Amino acid sequence: MGQDVPTRAVVLGGSIAGLFAAKVLADAYDEVHIVDRDKIVGLKGPRKHCPQTYQANGLLTRGVQIMEELFPGIKQQLLDDDIPTGDVSGEVRWYFQGNRLKQVHGDLFSFGIVRPLLEYYIRERVQLLPNVKFFEEYDILGITASADRSRITGARIQARGKKEETVLDADLVVDATGRGSRTPVWLEQLGYAKPEEERKKIDLAYVTQHFKLRPGVNAMQGDHAINPVGHAGLPRGAVFFRVDGGRLEVTTYGILGDHPPTDQAGLYEWLKSLPARDVYDVLRWADPVDEPVKFKFPTTLRRNYHKLTRFPDNLLVTGDAITCFNPVYAQGMTIAGVCAQTIRQHLHSGAAPDPLDYFRDLAKNGVDAAWDMTNVMDLAYPKVPGNRTFRVRMQNAFLKRVQIAATHDAKVTLAYMKAATMVAGPEVLMNPAMILRVLWKSARGPSKESRQPFTWEAPAGIEPVVQDTDLPKAA
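Residues numbered from 1 in each chain as written. Predicted model: local features only at pLDDT ≥ 70, side-chain atom pairs only at ≥ 80, totals over all residues. Heavy atoms only, no water.

Undergrad: What should I look at first to understand the pairing of strand E8 (residues 138–145) in this one?
TA: Every regular strand shows the same layout, with side chains that alternate between the two sheet faces. Bridge analysis of E8 against strand E9 (residues 152–159) gives seven bridges, and the strand direction is antiparallel. Counted as the bridge partner of Gly 142 is Arg 156 from E9. (Pairing = 2+ DSSP bridges. Helix = DSSP H or I, 4+ residues; strand = E, 2+ residues; numbered from the N terminus.)

Structure follows, in structure tokens:
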């Protein structure tokens, strides 16, 4: 950064948010140190201190674009390694209110990859950076500050099993420790105000399991994923897609205390009850390869750092440590990428970023829109507590019309998916021509085709894993 003394940035947390941040910092600082509680270098499987590591984690199309921008060629690397891909609007079977949307290819690229393996690919790229060093299996004890507490000077860490602590001096500390971030506590200890927090109780739980289709079974019928989305009348849903290793990953969820079971028989019955039976109908022909694993997510959370008026220099916060969205909408990793982009925009030559400017730009350029979407969709469930303003009620009413119109019109589907994957803002649905299109196409209610069971012909001589005499007959 134009100084004679080597400069150092310390990233607290080695998850995707921390790795994205480390990449942009490596372009501006002489040294970047990544501190994590787990053994992570070379790891392809789940890790202990990543709470959602076993569950489905989606990188939205904008997230894929950011990943490729940060690590040129990584998209092709995943393709070369046979990671499944799909078009979000053309090769994903979406169900809203139990009705199937029309599919259309829209260049909305997505990967089918489990969270631990995606982390591995990104971490391998970060490891190639010569000025990045990993501190594995270290507990993060706190941060250090100047005598007047106006700026952060480093981080206090402790190797697992050791008594002595280590102080990593730093010109910049970035907190990427996730929802459990201690930055609000550290701020208070230093005499600063804690950020105001917004929480919404959704009492969500989801269960993930992996399967392999029996040989000769083509139950997916060319689709990359099947996503029946929960709604007010049935607050249950699933994301179900092809992932690495020839497997299928299903994460099924329920909110407001209506939680999926983890016993195998109970899970099949739950899947049968979803807004569309497609996931269950496919998994009848697939063998489980592991046990169902549950994760509970009681509340969404946003820490409003952008509203603070005082903040110490040389400290930033990124990823889930700022905002934890409803994971059903898969925004978290993509917003981690937006955070990294925003950090990069604030890395002025010869000076560390101004934290408050960073937080305000991050809110304006990414978090506000994503949080608003989470808020509106969560409040579509009548029993989720929250302030249903006139604006929120109108947004939900229009969104329901969009979902109905998309059962008739592929152009509406494409616009909707562009907003959902964060490739475009909500305005893609709000221009006058699209509003008229939505109102016109939704006036007739859902299309007849969208309400017809999706059927396929089971191959002769292959027995299903689960017997079911109540299946609709194949066309």
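Undergrad: Help me understand the packing of helix H10 (residues 390–405) against helix H12 (residues 432–442) in this model?
TA: Two quantities define a packed helix pair, namely the angle between the helix axes and the distance between the axes. Where H10 meets H12, the closest approach of the two axes is 8 Å, and the angle between their N-to-C directions is 70°. As far as their axial angle goes, H12 and H10 are roughly perpendicular. Considering the relative orientation of H10 and H12, their crossing is left-handed. Side by side, H10 and H12 meet where Phe 398, Arg 401, Val 402, Ile 404 and Ala 405 of the first sit next to Ile 435, Val 438, Leu 439, Lys 441 and Ser 442 of the second. Of the residues that constitute the contact of H10 with H12, the class distribution is seven nonpolar, one polar and two charged. (Axes fitted to C-alpha atoms, helices over the stretch in contact; angles between N-to-C directions. Parallel < 35°, antiparallel > 145°, perpendicular 65-115°, else oblique. Left-handed = near helix turned anticlockwise from the far one by under 90°. Contact = heavy atoms within 4.5 Å. Nonpolar A, V, L, I, M, F, W, Y, C, P; charged D, E, K, R; others polar.)

Undergrad: How should I be thinking about the environment of Lys 418 in this particular structure?
TA: Within the secondary structure, Lys 418 is located in helix H11 (residues 410–420). Its relative accessible area of 28% is what places Lys 418 among the partly exposed residues. The spatial distance from the C-alpha of Lys 418 to the C-alpha of His 105 is 11 Å, given a sequence separation of 313 residues. Those residues in contact with Lys 418 that lie beyond four places of it in its chain are Leu 108, Val 423 and Ala 424. (Buried < 20%, exposed > 50% of the residue type's maximum accessible area, 1.4 Å probe, protein only.)

Undergrad: Please clarify how the nonpolar core should be interpreted in this entry.
TA: The nonpolar side chains of soluble globular proteins are, as a tendency, buried together. Counting 125 residues, the largest nonpolar core has Leu 25 and Met 67 as the members making the most contacts within it. If you tally residues by element for this core, the top one is helix H1 (residues 16–26), at nine residues. When neighbours within four sequence positions are excluded, Met 67 is seen to be in contact with Phe 20, Leu 59, Ile 74, Leu 78, Phe 111, Leu 118 and Ile 122. (Core = buried A, V, L, I, M, F, W, Y, C linked by side-chain atoms within 4.5 Å.)

Interpretation note: all reported values are geometric properties and have no functional meaning in isolation.
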